[in-house]
Amino acid sequence: AVVSTQSTGNTAQLLQLQTQIQQAAQQVQALGQQAAAVYSQAQNAPTNELRNQYYQQYTQMYQQQQQHQQQHNTLVSQHTALLRGGTPSATSTPAAQPAAART
């Protein structure tokens, strides 16, 4: 009985992780598209001042994208560990939540 309870818990956790992985991947993709658009605007900016503002904006978006990518990678690792029968750290699920709230 203990084993089946554990696997049921794992199934719920796997599904939750899959959802979070999907959301993180979408955020990475969306930020990448936005950053590309801003970069394009920077290249076509009429003044240096505007160009610098766009590049600054692009840098921030790129950094955000990297953070989301890192979060995505962490979630994938946790998911893989669960699939292999391991248990992700107790902090895994709460740690994933703030990123969703940030966006």
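The structure this text deals with has already been given above.
Conventions adopted
Residues numbered from 1 in each chain as written. Predicted model: local features only at pLDDT ≥ 70, side-chain atom pairs only at ≥ 80, totals over all residues. Heavy atoms only, no water. Helix = DSSP H or I, 4+ residues; strand = E, 2+ residues; numbered from the N terminus. Expected span 1.5 Å × (residues − 1). Buried < 20%, exposed > 50% of the residue type's maximum accessible area, 1.4 Å probe, protein only. Phe/Tyr/Trp six-rings, centres within 6.5 Å; stacked < 30°, edge-to-face > 60°.

Across its 36 residues, helix H2 (residues 48-83) extends 52 Å between first and last C-alpha, which sits within 8% of the 52 Å expected from 1.5 Å per residue. For H2, the complete set of buried residues consists of Tyr-54, Met-61, Gln-65, His-68, Gln-71, His-72, Leu-75, Gln-78, His-79 and Leu-82. Gly-85 occupies a position one or two residues after H2 and carries a positive phi of about 95°.

Let us now look at the packing of aromatic side chains. Counted under the stated rule, the structure contains three aromatic pairs. With centroids separated by 5.7 Å and ring planes inclined at 65°, the aromatic side chains of Tyr-39 and Tyr-55 adopt a geometry described as edge-to-face. On the criterion of sequence distance, the pair formed by Tyr-39 in helix H1 (residues 2-43) and Tyr-55 in helix H2 is long-range, its members being 16 residues apart. Look at Tyr-55 and you get partly exposed, because its relative accessible area is 27%. Taken together, the ring pairs connect Tyr-39, Tyr-55, Tyr-58 and Tyr-62 into an aromatic cluster.

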